[in-house]
Amino acid sequence: MKKKVLALLLVVALVASLAIVFAGCDPTDEDKVVTMDNIKIGMICLHDENSTYDKNFIVAMNEAAEALGLREDQVIIVTGIPESDECYQKACELAEEGCDIVFANSFGHEDYMIKAAKKYPNVLFAHATGTKAHTENLPNFVNAFASIYEGRYMAGVAAGLKLNEMIANGEITAAQAKMGYVGAFTYAEVMSGYTSFYLGAKSVCPTVTMDVTFTGSWYDETAENNAAKSLIAGGCVLISQHADSMGAPNACEEAGVPNVSYNGSTADACEDTFIVSSRINWAPYYTYLVNSLVNGTEVAKDWTGTIATGSVVLTAIGPNAPAAGTQAKLDEVKAGLQNGTINVFDTANWTVGGQKLTSYLADVDTDAAYAKDTEAIENGVFFESKHRSAPYFDVEIDGITLLDRNYGNDAE
Amino acid sequence: MTKFKFEPIFHLAKRTDIDWKKSWGIRLAAFILSILACAVVSTLISDRSFGFFFENFFKAFNTPQKLWNFFHDTAILLIIALAVTPCFKMRFWNIGGEGQILMGALGSAVIITFMGGKYPDPATIILSLVLSLAFGIVWAVIPALFKAKWNTNETLLTLMMNYISVCIVDYFIKSEASSGTGTMSFDKGVVGPIGNNEFILKIILVAIVTIFMVVYLRYSKHGYELAVVGESEKTARYIGINTKKVIVRTLILCGAICGLIGFMLVSATNHSINTASTVAGKGFTGVLISWLGHFNPLGMLLCSFLFVFIDRGATQVSTYARLGASYPDMMTGIFFFFIVATEFFINYKILPTHHFKKKAKAEEVEEDTTETEQTEDVLAETVPTLNENVVEDTNSAVTEAEDTATPVVENTKEVE
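The structure contained in this document is the topic of the report that follows. (Residues numbered from 1 in each chain as written. Chains lettered and ligands numbered in written order. Predicted model: local features only at pLDDT ≥ 70, side-chain atom pairs only at ≥ 80, totals over all residues.)

This part takes up the overall build of chain A. Across its full length, chain A carries 11 helices and 17 strands. For a compact globule of 412 residues, the expected C-alpha radius of gyration is about 22 Å, and chain A comes in at 23 Å, within 12% of that figure. The principal-axis extent of the C-alpha atoms belonging to chain A is close to 80 × 50 × 45 Å. Across chain A, the fraction of contacts at a sequence separation of at least 24, relative to all contacts at a separation of at least 6, is 68%. (Helix = DSSP H or I, 4+ residues; strand = E, 2+ residues; numbered from the N terminus. Rg over C-alpha atoms; globule rule 2.2 N^0.38 Å. Contact = placed C-beta atoms within 7 Å.)

Below, the structure written as structure tokens:
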């Protein structure tokens, strides 16, 4: 017995000494003057590049780093970090490794990022999709999102044009113009996304309706594939999705049903059915963060990327599926969104229970009770991403049928 | 055995004579080899050099925060292994640690949801600990009662109860957290850091549980009784042990520790509950650690230490080489592969056939003589005594299943 203890201690001592020998301490330096040459960014991702969502963040980070001329050792990307204490620990580790900016990409990472921000006041903690920076009021914790509903709206226009073409060709009647949508969770980010997509389609194809189903997961290839198949079986003639795997696009390619994608082009895998995809380009935000730190300017608490900042983008349209004239129409709508002649959530274009909405309190300031606190409708327009960057449009409008309200675990 | 059959050139024979130095030496060598194998695999799948692996592997331990995290992760894995160990020593195959911990976590979540911020924090914390223990115990005792009363298969029952617990916790989150994202977070009524250190409390708790477990398994009457029940239920009954009582009692202990872990994860670590990331499969890794540590608390300490060492090192390499989130799992897989393979060579030796025959014959003769001896003597050999033998005997349990397949004559001394 004693010998075993001895052996154990020896091994522990051996490993520990190895660790210490190889250690080179690099504590956070309070007096560090941040320059383009020494700035260090750490990024925490929920999954890795197999998820289209995380891939979108990683690709943008690499683009931004290259454009800014950052070396490889100045960008640390950590993948597969769940929404638990592990996120906090990773954020702290990145801060200790000398990162000046720590960025996290998943909704559920927020509380842990706030905790880390309190511990490391000299490091900037930026969190995408989060909602708490404007109420938390920490000098070094910021949120960011983009007005992706505008991108979804444009993608919806492309979908509507496709439906019009199918009606004109006699493939479906105007009454059969039903789209299907595979969503992840029943909350504002997804609801705002599918509603803007629907309104885009409705702006060119007035008879369109939509069925929505939820998988309760951000990344579940089988569930997303099955959801798309059951929507197709239920009479949907065009599918879009807000979940991160290739499940839905692949189901569409197999069934020959047109698909509007998200997070990036799926044209390579689905060349016959891919219409277009909207995505948030995070590179402008990364560039903004780095430049702000290097120049010593203040970083916005709650940053909203737009079409103008290059944050909301559409991919190139697909080779075979889109209707004729899609690109020209998209350019026109984009101009309209930018000069303010088109408002996505203009209450003139949608109703709730047959009534036009004149007032709506949205839950902008996150609290434990999820209380509705801010009037979102002004001058007949629901202003999304105005009071905070993360979406808060969660109205269920006419024309969209929720087939279920499933939500489960593994939130983004 | 008059029928003619082809004899293979080599046979396996069980080792009985291997000394501790040699066996732990082999294990240590396997550990070092597994790290080398990890390095080779990493070099092959990435465009980095061989040195890159080692250079970055040890960066996982170069700041105080990382070292604390390292010790903390080791402690959590160790306590999970400790929780299921008494069950395994009793040959009660409890693979429901995951669910028992999740139920413990739920206990804390329930109390914090309804009391957090409304009542003083110490009251909330104490009550959440109590409810965690209660939930953990209930979830562990159910399969124990079924086993004791109706001799049901505990492996299936504990496994399936894991999934039930996930559903219950999901239901609770769905009905109480209206965020719709599947995570429930708490900011009041939870255990905060002690003197700015959020790890030390849990590490101390685990140390206490470890010492308790060493004493319990090795020097207490309870520990002795459960080991006897594990060795042979008939023997246990013969010497007057109430086996049903022992089964239930042991599972209460296991459930209580699982409840404590659930409490630590919700109230003292994550401050949130989510069926995917609160326990995150550690309940199953703990089972593996328990086996690899041969149910010896110190062996388990070593195993969880090495496991976390490789996991954290590999995570660091993966980050710097951009190898993706599955890479650390591959590396820990290689580690387990080596360690499990090692157990085979520690427990068996490969002998040429003619040599095996001679040895077998010799032992058969020996066998005949022991059978005529007094029953008490046989008992004395089989019933584990309150010393190292308990551990040594179970050492061979890992490969026990293979015994039937290999022509070994060791195990004929059963008191059946």
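Another aspect to go through is the overall build of chain B. When its secondary structure is counted, chain B shows 16 helices and 4 strands. Sequence separation of at least 24 residues holds for 80% of the intrachain contacts in chain B that already meet a minimum separation of 6.

Residues and elements named next belong to chain A. If you walk across this open sheet you meet the 6 strands as S2-S1-S3-S4-S5-S11, and the pairing is parallel. On the outer flanks of this sheet lie strand S2 (75-78) and strand S11 (302-305), each paired with one strand and no other. Averaged over all neighbouring strand pairs, the angle between strand axes comes to 20°, with direction disregarded. Relative to S11, strand S5 (residues 141-146) runs parallel, the two being bridged by 4 bridges. Following the sheet pairing, Ala144 is matched in S11 by Trp303. (Pairing = 2+ DSSP bridges. Axes fitted to C-alpha atoms, helices over the stretch in contact; angles between N-to-C directions.)

Attention shifts here to the pairing of strand S1 (residues 10-14) of chain B. Residue and element names in this part refer to chain B. Only one face of S1 is covered, namely the one carrying His11 and Ala13; the face carrying Phe10, Leu12 and Lys14 has none of its residues buried. Strand direction decides the pairing type here: S1 and strand S4 (residues 348-352), joined by 5 bridges, are antiparallel. Across the sheet, residue His11 finds its bridge partner in S4, namely Leu351. (Buried ≥ 20, exposed ≤ 12 C-beta atoms within 10 Å, placed from the backbone.)

Moving on, we come to the sheet that holds strand S9 (residues 259-262) of chain A. Residue and element names in this part refer to chain A. Here we have 7 strands laid out as an open sheet, ordered S12-S10-S9-S8-S6-S7-S17, and mixed in their pairing. Whereas interior strands pair on both sides, the edge strands pair on one side only; in this sheet they are strand S12 (312-314) and strand S17 (400-402). With strand direction ignored, the average angle separating the axes of adjacent strands in the sheet is 20°. With 5 bridges connecting them, strand S6 (residues 178-183) and strand S8 (residues 238-242) associate as parallel partners. Within S8, the residue paired with Met179 across the bridge is Leu238.

Quick look at the pairing of S9(A) now. Consecutive side chains of a regular strand alternate in pointing toward one face of the sheet and then the other. Residue and element names in this part refer to chain A. Residues Asn259 and Ser261 point to one face of S9 and Val260 and Tyr262 to the other, with burial holding for every one of them. Examined bridge by bridge, S8 and S9 share 2 bridges and lie parallel to one another. In the strand pairing of S9, Ser240 is matched with Val260. As a crossover connection, the stretch from S8 through helix H9 (residues 247-255) into S9 is right-handed. In this structure, S9 lies alongside strand S10 (residues 274-280), joined through 3 bridges in parallel fashion. When the bridges of S10 are listed, Ser261 appears paired with Ser277. (Right-handed = clockwise from strand over helix to strand, strands pointing away.)

A few words now on helix H3 (residues 64-89) of chain B. Residue and element names in this part refer to chain B. With 26 residues, H3 should cover 38 Å at 1.5 Å per step; its first-to-last C-alpha distance of 37 Å lies within 8% of that length. At Ala83, H3 shows its maximal bend, which comes to roughly 30°, and the proline Pro86 appears one to four places after that position. Burial runs high along H3: 21 of the 26 residues are buried. Looking one or two places after H3, you find Arg91, whose phi comes out positive at around 55°. (Expected span 1.5 Å × (residues − 1). Bend = angle between axes of the 7 residues up to and from the residue.)

Any functional reading would require information that these geometric values do not contain.
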